[in-house]
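Report on the structure
Next come the chains, spelled out residue by residue.
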Amino acid sequence: MGIFERFLSVWVGLAILLGVGLGIWFTPYFQWIATMQVAQINLPIAVLIWLMIYPMMIQIDWLAIKNIRHNPKGLWLTLTVNWLIKPFTMALVGWLFFKVFFAGWVDEQSASEYIAGMILLGVAPCTAMVFVWSQLVKGDPNYTLVQVSLNDVIMIFAFAPITGLLLGMNDITIPWDTLFFSVLLYLVLPLLVGVATRKSLQDEHKILQFSQRFKPLSILGLLLTVVLLFAFQAQTIVDKPMIILLIAIPLLVQTYGIFALSAIWAKWLKLPHAISAPACLIGTSNFFELAVAVAIALFGLNSGAALATVVGVLVEVPVMLSLVWWINRKSLENKGV
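Residues numbered from 1 in each chain as written. Predicted model: local features only at pLDDT ≥ 70, side-chain atom pairs only at ≥ 80, totals over all residues. Heavy atoms only, no water.

An unreviewed UniProt entry lists the protein chain under the name Arsenical-resistance protein, from Alysiella crassa. One UniProt comment on the protein chain, placed under Sequence similarities (unreviewed entry), says "Belongs to the arsenical resistance-3 (ACR3) (TC 2.A.59) family." Taken directly from UniProt, the Subcellular location (unreviewed entry) text for the protein chain runs: "Cell membrane". (UniProt positions renumbered as here; feature names shortened; annotations may be inferred.)

What follows is the structure, encoded as structure tokens:
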């Protein structure tokens, strides 16, 4: 494992601090960057999102999906949690906290936008960082790849309808054209380019080498995205630090709750550790790159929805590392170590 994966929390934390600092000190420059839009899509963010998404799309092995019938339980767990439970519990948790528990502290418009950001996180299951989490818990890499590949295929067709449904249920106006354009830009096109790349490289060894060479750009894309996002939201973060905490609380409740549900279900299904561990982590983590991009496209760079997805970035890394630690500890206990 490279130095980036080992010290992921450190790099993301530094990127957050750098982003807030730059956003405060060089506000006009970032306001100018925020205006670089086409069809409500911020171009610098779009380029950085592509840098992150493209390498993982290359890794999708379509032939491996054909073998899911041999061991389907782990896939059923992942798919059920990701598409039939998690989006709806995220919307419910967001509504409970911002419309009920925090109603006296947050205005109606902001509350709706925070809920929208949480919904976008909930409808986008992790497809990139989960490979890191799977490696850390000694998960089956091939099975993890199949799980992620199948989720990506479903996401292309299910992301927009489920997002639209849940946003509509919370009385949030849905710009359908922007939503579908975002799915096309951040899912369909990278997927097609990834398929074309795999076909041109053909050999799995060459595909792996290509992905490894592209990895530094993907890492750079992640860190620069975090810097930009926190720079855009810097003034809000400094002026209203309590808002960050209010958004983080329901996200933490949702994340740990979904993980507990997945872990209990995996134990009931008697899944082996190499399959159950990454299955639980896939259902728990979020494709925050997509959620951030769509939130910006739908609601704007300075919206509450964008802020909520950015807080999702802030929360996810330390939370997922804590779950990795718990899984590995339980694994050692089960082995009698």
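Now that the structure is up, let's keep going.
Phi at Lys138 takes a positive value of approximately 60°, unusual for a residue other than glycine. Phi angles above zero are rare outside glycine, and Lys270 is one such case at about 60°. Mapped onto the elements, Lys270 comes out in the loop between helix 13 (241-269) and helix 14 (273-284). Owing to a relative accessible area of 73%, Lys270 belongs among the exposed residues under this scheme. (Helix = DSSP H or I, 4+ residues; strand = E, 2+ residues; numbered from the N terminus. Buried < 20%, exposed > 50% of the residue type's maximum accessible area, 1.4 Å probe, protein only.)

One can describe the packing of helix 3 (residues 27-34) onto helix 11 (residues 204-232) by two numbers: an axis separation of 10 Å at closest approach and a directional angle of 110°. As summarised for this structure, helix 3 and helix 11 are arranged roughly perpendicular, according to the angle between their axes. For the pair helix 3 and helix 11, contact is made by Phe30, Ile33 and Ala34 and by Leu228, Ala231 and Phe232, respectively. Looking at the contact of helix 3 with helix 11 residue by residue, the classes come out as 6 nonpolar, no polar and no charged. (Axes fitted to C-alpha atoms, helices over the stretch in contact; angles between N-to-C directions. Parallel < 35°, antiparallel > 145°, perpendicular 65-115°, else oblique. Contact = heavy atoms within 4.5 Å. Nonpolar A, V, L, I, M, F, W, Y, C, P; charged D, E, K, R; others polar.)

Attention shifts here to helix 13. Its 29 residues give helix 13 an end-to-end C-alpha distance of 42 Å, which sits within 8% of 42 Å, the value for a rise of 1.5 Å per residue. Note on helix 13: the residue one or two positions beyond its end, Lys270, has a positive phi of about 60°. (Expected span 1.5 Å × (residues − 1).)

Looking now at the side chain of Gln254. With respect to the helices and strands, Gln254 occurs in helix 13. Relative accessible area serves as the criterion here: at 3%, Gln254 is assigned to the buried category. In terms of polar contacts, Gln254 uses its side chain to reach the side chain of Thr89, at 3.1 Å. Not counting residues up to four positions away in its chain, the partners in contact with Gln254 are Lys86, Thr89, Met90 and Val93. (Polar contact = N/O pair within 3.5 Å; in protein donor to acceptor, adjacent residues only side chain to side chain.)

What follows deals with the environment of Leu51. Structurally, Leu51 is set in helix 4 (residues 43-58). On a C-alpha basis, the gap between Leu51 and Phe214 in space is 8.6 Å, while along the polypeptide they are 163 residues apart. Apart from the residues lying within four places of it in its own chain, the contact partners of Leu51 are Phe214, Leu217, Ser218 and Gly221.

On to the nonpolar core. The biggest cluster of nonpolar side chains holds 107 residues, and the ones touching the most others in it are Phe98, Ile247 and Leu281. When residues in this core are grouped by element, the largest group, 14 residues, is from helix 16 (residues 304-334). Once residues lying within four places of it in the same chain are set aside, the contact partners of Phe98 are Ala103, Val106, Ala111, Tyr114, Ile115, Met118, Leu246, Ile247 and Pro250. Residues Tyr54, Ile58, Leu201 and Phe214 belong to the second largest nonpolar core, which totals 5 residues. (Core = buried A, V, L, I, M, F, W, Y, C linked by side-chain atoms within 4.5 Å.)

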